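Fold and geometry: a report
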Amino acid sequence: VALLLRRWSALLNVKPRCAGLSATLPQAQRFFADLTGVKADEVVCIAPAQEEMISEGAEYNVVLRSDASSQVATLSTSIQAVMLLARMLDPPGRTVSGGRFGSRSFVFTDDLDVTNRLFDNLLDAEAYRWRRPNPARRPLAALREVVGPERAERERDGQCWQMAEALQTTLTNRLRIGRTSSRDPGVDAAANVIVATSTLEVGFNDPEVGAVFQHKAPRSAASFLQRRGRAGRDRRMRPLTITVLSDY
C-alpha cells in the first residue's frame, strides 16, 4: 500500500492529503508517516481527550476451557457454547432486552478447515441435513428443556437451559447458521449465527450483533480487538465476548 501511494502521488505530480482511521495502532502518527511518505511532524493525530470520554453501559467477557479429562474435543465445547449463547440473545424480531442485547452472534476461527467443520457441526446440531431443515429431528438444544426426566441432576450439571427457554419461549426452534470466508463472501442477513474467518474482522458493521465468539486464541491482540468491536454497535447495547481456550 505504501508503494502504491508513492507511485500514485508521483504519477499525479501532486502531494495528496491522506486521512486514515484505526482503533488498534500503537504510535499511529509514526506509522502513518511511514505509510504515506510524509514527514512525521506533518501528520496530525485527532483523538478525543480524556475529559471528552463518556463512560456508559457495560460489556461481558467469558473465558471457557474444555475439560481435557472428559476426552471431549475443544470444538465440542465451542459447539455447545454457541448453541447456548445464540439463545441467550434477543429472539429475532423481538427486543426483549430493550436493545441491551443483540440478536446475532459472530463466531470467529483462524483456520478455514475449522471454520468449515464448525459450520457443518452446528448445522447438524440444529437438525439440518444438506443445509435444509430435517423434519425427522429436533435441535439438540431441545434436550436442555426444563420439562424432562432427571431435572435435578440436569440442573446441577448445567444441562437445563431455563433462562434460554424463557427468552426464546421454546428450545425446539432451529437457529439459522451462516458462513463468511474468502470462499463464502457476503453475510446472511437472516442468520442467527455467522461462522467466520478474519474476512469479517473489519469493515462490516451490523447493529444486531450482540455477541462475538472466539474459538481458540486469535493470531494477534489487534485481531482480537477488531473482532470484539463487531458487537455492540449501538451505545445502549452490552456486548458479550466468549473465548474458548485451546488445550495449550
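Here the residue numbering is sequential within each chain, running from 1 through the sequence in written order. In view of the model being predicted, local features appear only for residues whose pLDDT reaches at least 70, and side-chain atom pairs are presented and counted only at 80 or more, with totals across whole chains, interfaces and linings using the full set of residues. Where side-chain values are given, they derive from all heavy atoms of the structure, hydrogens and water being excluded.

Moving on, we get to helix 3 (residues 74-87). Counted at 1.5 Å a residue, the expected span for helix 3 with its 14 residues is 20 Å, and the 21 Å between its end C-alpha atoms agrees. Categorising residues by exposure relies on relative accessible area from a 1.4 Å probe, with only protein chains included: less than 20% of the type maximum marks a residue as buried, more than 50% marks it as exposed, and the intermediate range marks it as partly exposed. A run of H or I in DSSP counts as a helix once it spans at least four residues, and a run of E counts as a strand once it spans at least two, with each numbered from the N terminus. Within helix 3, 11 of the 14 residues are buried, leaving the element largely enclosed by the surrounding structure. Buried within helix 3 we find Thr 74, Leu 75, Thr 77, Ser 78, Ile 79, Ala 81, Val 82, Met 83, Leu 85, Ala 86 and Arg 87. To estimate how far a helix should extend, the number of its residues minus one is multiplied by 1.5 Å.

Being paired, for any two strands, means DSSP has found at least two bridges between them. Across the sheet, 6 strands lie side by side as 1-8-7-2-6-5; this open sheet has parallel pairing. Strands at the two margins of the open sheet, each flanked by one partner only, are strand 1 (60-65) and strand 5 (177-180). In this sheet, adjacent strand axes meet at a mean angle of 20° when their direction is disregarded. Sheet topology note: the strand 1/strand 8 (residues 240-245) ladder contains 6 bridges and is parallel. If you follow Tyr 60 over to strand 8, its bridge partner there is Leu 240. Here a residue-residue contact requires only that any non-hydrogen atoms of the pair lie within 4.5 Å. Only the contacting stretch of a helix is used when fitting its axis, a line to C-alpha atoms as for every element, and angles between N-to-C directions run 0 to 180 degrees. Packing of helix 3 onto the sheet brings it into contact with strand 1, strand 2 (104-108), strand 6 (193-196), strand 7 (209-215) and strand 8, and relative to strand 7 it is tilted by some 175°.

Before going further, it helps to spend a moment on the packing of aromatic side chains. Ring pairs are drawn from Phe, Tyr and Trp, using the six-membered ring of Trp, whenever the two centres fall within 6.5 Å, and their geometry is named by plane angle: stacked under 30 degrees, edge-to-face over 60, tilted for the rest. Applying the stated criterion to the full structure yields 3 aromatic pairs. Geometrically, the ring pair formed by Phe 106 and Phe 108 is edge-to-face, given 6.3 Å between the ring centres and 85° between the ring planes. Each member of the pair Phe 106 and Phe 108 is classed as buried. Relative to Phe 204, the ring of Phe 106 has its centre 6.2 Å away and its plane inclined at 40°; by these criteria the two rings are tilted. Within this pair, whereas Phe 106 is found in strand 2, its partner Phe 204 is found in the loop between strand 6 and strand 7, the two being separated by 98 residues in sequence. Through a chain of ring-to-ring contacts, three or more aromatic side chains come together here, namely Phe 106, Phe 108 and Phe 204. As a reminder, the over-ring test applies to NZ of lysine and CZ of arginine, requiring each to be within 6 Å of the ring centre and within 35 degrees of the ring normal. Above the face of the Trp 161 ring, Arg 144 is positioned so that its terminal group lies 5.6 Å from the ring centre.

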